[in-house]
Amino acid sequence: FPSHDKNDLLELLLPKIKSLNIGNPHDPLTDLGPVIHHRAQQSLVRKIDESISAGARLLIPWSCHQNIITPVILDAVKLSMPVISEETFGPIISLIDFEKTDEVISFINSSTLGLQCGVFTQDIQCLKKFFNEVSVGSVIANDGPAYRPDHFPFGGFKDSGHGREGTASALYEYSSVKNLIF
């Protein structure tokens with residue numbers, strides 16, 4: 001982001017984060033619950049700590065209690081930092097500065113991971129460019145990379161999301177096709 005765009009983003013993002021109801025996943029009013037198990041919690045804390053030690057800047061206070069981690073926003077994140085270089089399934093937002101679309105695409109493609117990519121734009125040509133050039137399993141327009149209709153093929157490229165899930169795709173993944181010709 002150019003710095004003025006990042007400030008605009010943070011002005012929108014911070015009040016939303018502060019208003020999140022964090023806690024019991026069985027409570028229908030909960031927006032953010034715990035991570036899946038203690039090992040996942042320890043892994044996220046390690047990634048946050050190591051990324052901060054490597055130069056990422058923490059923009060909001062965060063805490064960890066049992067398996068609940070409050071949202072984390074890190075700025076000045078680099079590809080080599082664990083919050084980016086390793087698959088990170090947790091409430092962490094990593095901010096990275098780019099000037100041009102090609103820089104973003106190159107950054108994404110230089111990763112060993114490639115599950116999904118969310119692109120926020122009103123420019124259909126920009127969206128097409130991401131779809132055609134980014135090496136990920138799904139490009140989602142104007143939504144986060146967690147969007148996943150069950151009937152769509154789901155999986156990634158490179159070291160992430162091996163195979164394909166989804167109603168029809170899973171049938172092929174879990175089957176062995178065999179022909180009889182006579």
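Scroll up to find the structure.
What you see is a predicted model; the values in this text were computed from it and never measured.

Rules of the game
All residue numbers here refer to positions counted from 1 along the written sequence of the relevant chain. The predicted origin of the model limits local features to residues at a pLDDT of at least 70 and limits the giving and counting of side-chain atom pairs to 80 or more, whereas totals for whole chains, interfaces and linings rest on all residues. To obtain the side-chain values, all non-hydrogen atoms of the structure were included, while hydrogens and water were left out. Numbering of helices and strands starts at the N terminus; helices are DSSP runs of H or I of at least 4 residues and strands are runs of E of at least 2. When accessible area is computed with a 1.4 Å probe and restricted to protein chains, residues below 20% of their type maximum are described as buried, those above 50% as exposed, and intermediate ones as partly exposed. The criterion used for residue contact is that any of the two residues' heavy atoms lie within 4.5 Å. Surface accessibility follows the Shrake-Rupley procedure with a 1.4 Å probe radius. Residue values consider only the protein chains on display as shielding. Put simply, buried Ala, Val, Leu, Ile, Met, Phe, Trp, Tyr and Cys residues joined by side-chain atoms within 4.5 Å make one nonpolar core. Here, any two strands with at least 2 DSSP bridges between them count as paired. A fitted line through C-alpha atoms represents every axis, and for helices the fit uses only the stretch in contact; the resulting angles, taken between N-to-C directions, go from 0 to 180 degrees. Between N or O atoms, a polar contact is any pair within 3.5 Å; within protein, one atom must be a potential hydrogen donor and the other a potential acceptor, and residues adjacent in sequence are included only when both atoms are from side chains. Oblique is the label for every angle not falling under 35 degrees (roughly parallel), over 145 degrees (roughly antiparallel), or within 65 to 115 degrees (roughly perpendicular). Left-handed describes a crossing whose near helix is turned anticlockwise from the far helix by less than a right angle; the clockwise case is right-handed. A helix's residues, less one, multiplied by 1.5 Å, set its expected span. The arc under discussion is defined with respect to the helix axis, by the directions toward the C-beta atoms.

> Give a description of the overall build of the protein that names residues and reports values.
Summing up its helical and strand segments, the protein has 6 helices and 7 strands in all. Tracing the protein from N to C terminus, the helices and strands come up as α-α-β-β-β-β-α-β-α-β-α-β-α. In the protein, which comprises 182 residues, the share counted as buried stands at 33%. Taking the intrachain contacts of the protein between residues at least 6 apart in sequence as the baseline, contacts between residues at least 24 apart amount to 46%. Carbon together with sulfur atoms contributes 56% to the accessible area of the protein, which is approximately 12,000 Å² in total.

> Provide a residue-level description of the nonpolar core, including the pertinent values.
With 17 residues, the main nonpolar core has Val-72, Leu-74, Val-77, Val-83, Ile-84, Ile-92 and Ile-96 as its most contacted residues. Those elements giving two or more residues to this core turn out to be helix H2 (38–53), strand S4 (72–75) and helix H3 (82–85). At 4 residues, the largest contribution of residues to this core is made by H2. Leaving out residues up to four positions away in the same chain, Val-83 has contacts with Lys-47, Ile-48, Ser-51, Leu-74, Val-77, Thr-88, Ile-92 and Ser-94.

> If you had to explain the sheet that holds strand S5 (residues 92–94) to someone new, which residues and values would you point to?
As summarised here, the arrangement of the 3 strands in space is S1-S4-S5, forming an open sheet in which the pairing is mixed. Either end of the sheet is taken by a strand with one partner, and the two such strands are strand S1 (57–58) and S5. Summarising the sheet, S1 and S4 pair through 2 bridges and their orientation is antiparallel. Its bridge partner lying in S4, Arg-57 is registered against Asp-75. In the packing of H2 onto the sheet, contacts are made with S1, S4 and S5, and the angle to S4 comes to roughly 30°.

> Would you mind going over the side chain of Ser-51 in detail, with residue names and values included?
On the secondary structure map, Ser-51 appears in helix H2. Engagement of the side chain of Ser-51 in a polar contact is seen with the backbone oxygen of Lys-47, the distance being 2.8 Å. Setting aside anything within four residues of it in sequence, one finds Ser-51 in contact with Ala-56, Leu-74, Met-81, Pro-82 and Val-83.

> Could you give me a rundown of the packing of helix H4 (residues 101–109) against helix H5 (residues 124–133), with the residues and numbers involved?
The N-to-C vectors of H4 and H5 enclose an angle of 25°; their axes lie 11 Å apart at closest approach. Here H4 lies roughly parallel to H5, going by the angle between them. The handedness of the crossing between H4 and H5 comes out as right-handed. Of H5, the residues touching H4 (which contributes Thr-101, Asp-102, Val-104, Ile-105, Ile-108 and Asn-109) are Cys-126, Lys-129, Phe-130 and Glu-133.

> Requested: an account of H2, with residues and values cited.
Residue pairs three or four apart in sequence face the same way in an α-helix, which turns once every 3.6 residues. The terminal C-alpha atoms of H2 lie 22 Å apart, and with 16 residues this matches the ideal 22 Å at 1.5 Å per residue to within 8%. Within the sequence span of H2, burial applies to Ala-40, Gln-41, Leu-44, Val-45, Lys-47, Ile-48 and Ser-51. Down the axis of H2, the buried side of the element spans an arc of 160°, and every buried residue falls inside it. The outward face of H2, more than 90 degrees from its buried face, is lined by the exposed residues Arg-39 and Ser-53. Structurally, H2 contributes buried residues whose contacts are with strand S2 (64–65), strand S3 (68–69), S4, H3 and S5. Immediately downstream of H2, the backbone of Gly-55 shows phi near 120°, a positive value.

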